[in-house]
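Descriptive analysis of the structure
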Amino acid sequence: MMDVEKYRKQIGVNLKFARETQGWSVEQVAEMVGMKPATIEKIEAGEFDVKLSQIGKVCDILGCKLTINL
């Protein structure tokens, strides 16, 4: 069985790493994707309940791919 919380946390860690690597703030990414900074912070913390398409927008901005190994 898939551990959704585990995947959420790993996605968040990866997105935060990609954002920090590019030198962007939470506020900058939030503005680019049309979300509130608090939402980006929740995504990065693995505490989100957002659509996959919203995570896809963040990935597009950061130039990364969303992959999950099952």
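Residues numbered from 1 in each chain as written. Predicted model: local features only at pLDDT ≥ 70, side-chain atom pairs only at ≥ 80, totals over all residues. Heavy atoms only, no water.

Let's shift gears to the overall build of the protein. When helices and strands are tallied, the protein shows four helices and zero strands. If you list the helices and strands of the protein from N to C, you get α-α-α-α. Since a compact globule built from 70 residues should have a radius of gyration of about 11 Å, the 11 Å found for the protein is in line with a globular shape. A burial count over the protein gives 29% of its 70 residues as buried. Partitioning the contacts of the protein with sequence separation of at least 6, the portion at a separation of at least 24 is 59%. Accessible surface, the protein: about 5000 Å² in total, of which carbon and sulfur atoms supply 52%. Side chains of the protein carry 10 positive and 10 negative charges; the gap between the two charge centres is 4 Å. (Helix = DSSP H or I, 4+ residues; strand = E, 2+ residues; numbered from the N terminus. Rg over C-alpha atoms; globule rule 2.2 N^0.38 Å. Buried < 20%, exposed > 50% of the residue type's maximum accessible area, 1.4 Å probe, protein only. Contact = heavy atoms within 4.5 Å. Areas by Shrake-Rupley, 256 points an atom, 1.4 Å probe, with all protein chains shown as cover. Lys, Arg positive; Asp, Glu negative; His and termini not counted. Charge placed at Lys NZ, Arg CZ, Asp CG, Glu CD.)

With 15 residues, the main nonpolar core has Leu 15, Met 35, Ile 40, Ile 55, Val 58 and Leu 62 as its most contacted residues. Elements that contribute at least two residues to this core include exactly helix H1 (4–21), helix H2 (26–33), helix H3 (37–45) and helix H4 (52–62). Ignoring any residue separated from it by four or fewer positions in sequence, one finds Ile 55 in contact with Ile 11, Leu 15, Phe 48, Val 50 and Leu 66. (Core = buried A, V, L, I, M, F, W, Y, C linked by side-chain atoms within 4.5 Å.)

Moving on: the side chain of Glu 44. Relative to the assigned elements, Glu 44 resides in helix H3. On the basis of relative accessible area, Glu 44 is assigned to the buried category, the value being 11%. Setting aside residues no more than four positions away along its own chain, Glu 44 makes contact with Gly 12, Val 13, Leu 15, Lys 16, Arg 19 and Val 26.

Next up on the list: the pattern of salt bridges. Across all of its chains, the model carries two salt bridges by this definition. One salt bridge connects Arg 19 with Glu 44, and the closest N-O pair in it is separated by 2.6 Å. With Arg 19 in helix H1 and Glu 44 in helix H3, this pair connects stretches of sequence that are 25 residues apart. You'll find Arg 19 and Glu 44 in the same group, each marked buried. Bridged by salt links that share partners, the residues Arg 19, Glu 20 and Glu 44 form one connected network. (Salt bridge = Lys/Arg side-chain N within 4 Å of Asp/Glu carboxyl O.)

Where H2 meets H3, the axes come as close as 8 Å, and the angle between the chain directions of the two elements is 110°. Of the possible angle classes, the one that applies to H2 and H3 is roughly perpendicular. Here H2 contributes Val 26, Glu 27, Val 29, Ala 30 and Val 33 to the contact with H3, which in turn contributes Pro 37, Ile 40, Glu 41 and Glu 44. Among the residues making up the contact of H2 with H3, the classes are represented as six nonpolar, no polar and three charged. (Axes fitted to C-alpha atoms, helices over the stretch in contact; angles between N-to-C directions. Parallel < 35°, antiparallel > 145°, perpendicular 65-115°, else oblique. Nonpolar A, V, L, I, M, F, W, Y, C, P; charged D, E, K, R; others polar.)

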